[in-house]
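Chain residues, written in single-letter form:
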Amino acid sequence: MDLDGFRDPGVARSVIQAIHDTATSPVKLMEVCGTHTVAIAKHGLREVMPETITLLSGPGCPVCVTSNSDIDTAIEFGKQPDVIVTTFGDMMKVPGSYSSLSQEKADGRDIRVVYSPLDALDIAEKNAEAHVVFIGVGFETTVPVIASAIQQAGRRGIENFSVFSAHKTVPEALRALVDDPDVAVGGFILPGHVSTIIGLEPYRFLAEEYGVPSVITGFEPVDVLQGVYMLAKQVAEGRAEVEVAYTRAVPPEGNPAAVAKMNEVFEPCNAEWRGIGVIPGTGLSIREEYARYDALVRVPVTPPEPKEVKGCQCGEVLRGVTLPFECKLFGRACTPEHPVGPCMVSSEGSCAAYYRYTDYGKSP
Amino acid sequence: MCLAIPARVISLEDQNMAEVDIMGVSRHVSLDLVPEAHEDDYVLVHAGFAIQVVDEQYAEETLELLKELDIADIELEALEPEGT
Ligand code: SF4
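The model shown is predicted, which means the values in this text are computed figures rather than measured ones.

Trainee: Hey, could you run me through the interface of chain B and chain A in this one?
Mentor: Accessible area lost on assembly of the parts is the figure often given for the size of an interface. Each side of the interface is counted separately: chain B has 34 residues, and chain A has 46 residues. Summed over both partners, the interface of chain B with chain A comes to about 3300 Å²; 58% of that surface belongs to carbon and sulfur atoms. Inspection of the region where chain B meets chain A yields one salt bridge. Measuring nitrogen to oxygen at the nearest pair gives 3.5 Å for the salt bridge that ties Asp32(B) to Arg155(A). Across the chain B-chain A interface, the total number found is eight residue pairs in polar contact (both at pLDDT 80 or more). Secondary structure elements with two or more residues in the side of chain B that touches chain A: β3 (25–30), β4 (42–46), β5 (49–54), α1 (56–68) and α2 (71–79) of chain B.

Now the structure itself:
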């Protein structure tokens, strides 16, 4: 067992031993957080698992699950006269049906990467003659931030700013995964920073309605291992609960002030997830009261009919039914330098994590 | 992209903003989502906003870990104000 990469190999070894002793019946555990995906790939955690435990990567990266039609819509905003598109950097290289934001920028469109939606507000203030559209992509970690930016636009009297809301919420997507017979998830490793906002309550249905255990955990390899151990223990004892291995950053109630802001500005709608399809109630649209900050209202666009990239299996990868290196394009036609699908673009995408940290597919 | 980086609140500013120290870099972030945050508190910062108050020990451990995972660099690059 190579544990050199661990800060405390002794602790890692004893947790791994405990997992081996506990996991006597086969179970598939899925992580739904890109940072966990990176930690698992980088530290080779799959390789130290007993045969009974299969670790799957789920739809844990907001960029990766953004549908082609949403990316096409974002690109369409950039083509409108006097529109400045602002976006988080992760979105730039993601291919849509026909182009990407970085391709469009190279072709002369005004598309700018910002670190915060507040930077987009500053750009709007400085460019009164233009309209600034912010491409809103992210889970519950990010949504309250965007909600607050919209309210701040109101307070600052900024009228030439709007948001294209392609946000998604996590819990109901987990329901779609447990309902999917191809996936057969037996337990979830839940995302730490989504949970720091929403707390425990929204996940309870997993245990209560489906009898599926889940554990919220942090990003250190030992945290992930501890999460796996807690899941294996629940399975072995025939329990199903939502547990937290990450108590210092995740109070059970989350951040109620942030959730309140999110609900003031947004309301649930249906959302299309790449590879999974439409999941009811997992999207967020901007409420009527804030319609003047809704890009779909302010800058009406008609994106072209979306089309899927041939051969890219991101959909299956995101559902955990295919591993990245099982895709024929992995490491050949598709690399981080020339990504074919979003799972290879985003640094937290499963394909990129496998490519960077494992040997699969690299040696022919 | 759901990563949040621990930072220490240096001083409170107008409009619910605060100056924070993130791995030695000083930045201005919004405290809109953590109205309870004070000077010297540790907060998790995401996309220019503090999103949760955490304890100091947690903050330090996480920073170390982020460095190990090479993720902090990516986030910190994004944090650098343009032109520097
Ligand atoms: S390796 Fe590339 S083409 Fe294959 S599923 Fe991943 S992103 Fe898509």
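Trainee: Looking at this structure, I do not really get the domain arrangement of chain A. What am I missing?
Mentor: Residue and element names in this part refer to chain A. Each assigned domain of chain A is listed here: domain 1 (4–61 + 170–244), domain 2 (63–169 + 255–298) and domain 3 (314–357). Here domain 1 and domain 2 have C-alpha centroids that lie 31 Å from each other. Taking both partners together, domain 1 and domain 2 bury about 1200 Å²; carbon and sulfur atoms supply 72% of that area. Broken down residue by residue, the surface that domain 1 buries against domain 2 is led by Cys61, Val170 and Ile197, which jointly contribute 46%. For the pair domain 1 and domain 2, the number of links is zero salt bridges. Taken together, domain 1 and domain 2 are joined by eight residue pairs in polar contact (both at pLDDT 80 or more). Contributing elements (two or more residues each) for the side of domain 1 that touches domain 2: α8 (171–179) and α9 (192–198). Considering each element in turn, the side of domain 1 that touches domain 2 owes the most residues, five residues, to α9. Here the residues of the side of domain 1 that touches domain 2 are counted per class, giving nine nonpolar, three polar and one charged.

Trainee: Hey, could you run me through empty space enclosed by the protein in this one?
Mentor: In this approach the atoms are scanned with a rolling probe the size of a water molecule, which exposes any empty space left behind. Residues and elements named next belong to chain A. Applying the stated criterion to the full structure yields five cavities of 30 Å³ or more. In this structure, the largest cavity spans a volume of roughly 90 Å³. Contributing to the lining of the largest cavity are Cys312, Gln313, Cys314, Pro324, Cys327, Leu329, Phe330, Cys334, Val340, Gly341, Met344 and Cys351. Split into classes, the residues belonging to the lining of the largest cavity amount to 10 nonpolar, two polar and no charged.

Trainee: Teacher, can you tell me more about the packing of helix α1 (residues 9–22) of chain A against helix α11 (residues 221–236) of chain A here?
Mentor: How two helices sit against one another is set out by the angle between their axes and by the gap between those axes. Residue and element names in this part refer to chain A. Orientation of α1 relative to α11, taken along the N-to-C sense of each, is 20 degrees, at an axis distance of 9 Å. In terms of orientation, α1 and α11 fall into the roughly parallel class. When the axes of α1 and α11 are compared, the crossing they make is left-handed. On α11, the residues that touch Val11, Ala12, Val15, Ile16, Ala18, Ile19 and Thr22 of α1 are Val222, Leu225, Gln226, Val228, Tyr229, Ala232, Lys233 and Ala236.

Trainee: Please clarify how the sheet that holds strand β5 (residues 131–136) of chain A should be interpreted in this entry.
Mentor: Sheet strands associate in pairs through backbone hydrogen bonding, adopting either a parallel or an antiparallel arrangement. All names here are of chain A. With respect to topology, four strands assemble into an open sheet ordered β4-β3-β5-β6, the strand pairing being parallel. Strand pairing shows two members of the sheet lacking a second neighbour, β4 (111–113) and β6 (161–165), which therefore form its edges. Sheet twist, expressed as the mean angle between neighbouring strand axes with direction ignored, is 25 degrees. Judged from the four bridges that link them, strand β3 (residues 83–87) and β5 form a sheet pairing that is parallel. Its bridge partner lying in β5, Thr86 is registered against Phe134. Those strands touched by helix α6 (residues 117–126) are β3, β4, β5 and β6, and its axis lies near 170 degrees from that of β5.

Cut-offs applied
Residues numbered from 1 in each chain as written. Chains lettered and ligands numbered in written order. Predicted model: local features only at pLDDT ≥ 70, side-chain atom pairs only at ≥ 80, totals over all residues. Heavy atoms only, no water. Contact = heavy atoms within 4.5 Å. Buried area = accessible area lost by both parts, 1.4 Å probe. Salt bridge = Lys/Arg side-chain N within 4 Å of Asp/Glu carboxyl O. Polar contact = N/O pair within 3.5 Å; in protein donor to acceptor, adjacent residues only side chain to side chain. Helix = DSSP H or I, 4+ residues; strand = E, 2+ residues; numbered from the N terminus. Domains from an automatic or database assignment. Nonpolar A, V, L, I, M, F, W, Y, C, P; charged D, E, K, R; others polar. 1 Å grid on protein atoms, 1.4 Å probe; cavity = no way out; pocket = protein on both sides within 12 Å on 5 of 7 lines; lining within 4 Å. Points joined across faces, edges and corners; volume = space filled by probe spheres on them. Axes fitted to C-alpha atoms, helices over the stretch in contact; angles between N-to-C directions. Parallel < 35°, antiparallel > 145°, perpendicular 65-115°, else oblique. Left-handed = near helix turned anticlockwise from the far one by under 90°. Pairing = 2+ DSSP bridges.

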